[in-house]
Amino acid sequence: GAVVSQHPSRVICKSGTSVKIECRSLDFQATTMFWYRQFPKKSLMLMATSNEGSKATYEQGVEKDKFLINHASLTLSTLTVTSAHPEDSSFYICSARATGGMGTDTQYFGPGTRLTVL
Amino acid sequence: GNSVTQMEGPVTLSEEAFLTINCTYTATGYPSLFWYVQYPGEGLQLLLKATKADDKGSNKGFEATYRKETTSFHLEKGSVQVSDSAVYFCALTISGGYNKLIFGAGTRLAVHP
């Protein structure tokens, strides 16, 4: 149990275009999902916390108009990188925190999405 | 503030060697502690966790004990395998709020035959 999927796994796009990344909890409901960015050989940097049905909470220094987050249901959150530029190239990882009796202090991670902006 | 400090890598070991990756933390309140593992090209997987002092988390031969007196959560394995080569992240959450994970910098482990 506790599987989180991300789609797509890899995406290459041209500079100036927008890219949407989906994060789904497949076998549990997640009131809270998190979006991270990971630079090569670095740790994960939390970008934002997403709660179902409400606006995301962004970490300091993360542009909310550039990284649009929508958490439309208890099993789906999306991250849209708007007007992507080469410096947005990175590995984006989502995680989901379970509700109820699954251990609400544990986050389950998706496999990540490798974004390359040309 | 809340933070996690891990030993710097890379850690290079021969197969069947004993592994220790040190992790210490600073936290307000009562954190839950985690070890996550990231295999090459993949996302993070929960390896083990402990939610209160003196708890021992264990999985796949790895174990770590929540030591409140030394604010530590060191990861150990008695006999590593080549397949254990990965990056290991120590992390904590503080109860309440959104349970944001605070990660250490990660320690790369390379195991050679």
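Look up: the structure comes first, before these words.
All values derive from a computational prediction rather than experimental measurement. (Residues numbered from 1 in each chain as written. Chains lettered and ligands numbered in written order. Predicted model: local features only at pLDDT ≥ 70, side-chain atom pairs only at ≥ 80, totals over all residues. Heavy atoms only, no water.)

*Asks:* Looking at this model, I keep getting lost on the packing of aromatic side chains. Mind explaining?
*Replies:* Aromatic ring pairs are defined here through the distance separating the ring centres and the angle between the ring planes. Going through the model one piece at a time under the given rule, you end up with eleven aromatic pairs over all chains. Centroid distance Phe 109 of chain A to Tyr 36 of chain B: 5.0 Å. Interplanar angle 75 degrees. Geometry classified as edge-to-face. Note that Phe 109 of chain A is positioned in strand β10 (residues 107–109) and Tyr 36 of chain B in strand β5 (residues 31–38), a pairing that runs across two chains. We note that Phe 109 of chain A, like Tyr 36 of chain B, is buried. The interplanar angle of 70 degrees and the centroid separation of 6.0 Å between the aromatic rings of Phe 109 of chain A and Phe 103 of chain B together place this pair among those described as edge-to-face. Of the two residues, Phe 109 of chain A is situated in strand β10 and Phe 103 of chain B in strand β11 (residues 102–103); the pairing between them involves two chains. You can call Phe 103 of chain B buried: its relative accessible area is 12%. An aromatic cluster of three or more residues is present, and its members are Tyr 36 and Phe 109 of chain A together with Phe 34, Tyr 36, Phe 89 and Phe 103 of chain B. (Phe/Tyr/Trp six-rings, centres within 6.5 Å; stacked < 30°, edge-to-face > 60°. Helix = DSSP H or I, 4+ residues; strand = E, 2+ residues; numbered from the N terminus. Buried < 20%, exposed > 50% of the residue type's maximum accessible area, 1.4 Å probe, protein only.)

*Asks:* Looking at this structure, how should I read the interface of chain B and chain A?
*Replies:* For interface size, the figure often reported is the accessible area lost on association. Taken together, the contact between chain B and chain A spans 21 residues of the former and 24 residues of the latter. Summing the contributions of chain B and of chain A, the shared interface buries around 1600 Å²; its carbon and sulfur component is 52%. The tally of links between chain B and chain A comes to one salt bridge. The shortest N-O distance in the salt bridge between Glu 59 of chain A and Lys 100 of chain B comes to 3.3 Å. For the pair chain B and chain A, the number of links is five residue pairs in polar contact (both at pLDDT 80 or more). Those elements that place two or more of their residues in the side of chain B that touches chain A are β5, β6 (44–50) and β10 (86–94) of chain B. Broken down by element, the residue count for the side of chain B that touches chain A peaks at four residues, all from β5 of chain B. Of the residues assigned to the side of chain B that touches chain A, the class counts are nine nonpolar, eight polar and four charged. (Contact = heavy atoms within 4.5 Å. Buried area = accessible area lost by both parts, 1.4 Å probe. Salt bridge = Lys/Arg side-chain N within 4 Å of Asp/Glu carboxyl O. Polar contact = N/O pair within 3.5 Å; in protein donor to acceptor, adjacent residues only side chain to side chain. Nonpolar A, V, L, I, M, F, W, Y, C, P; charged D, E, K, R; others polar.)

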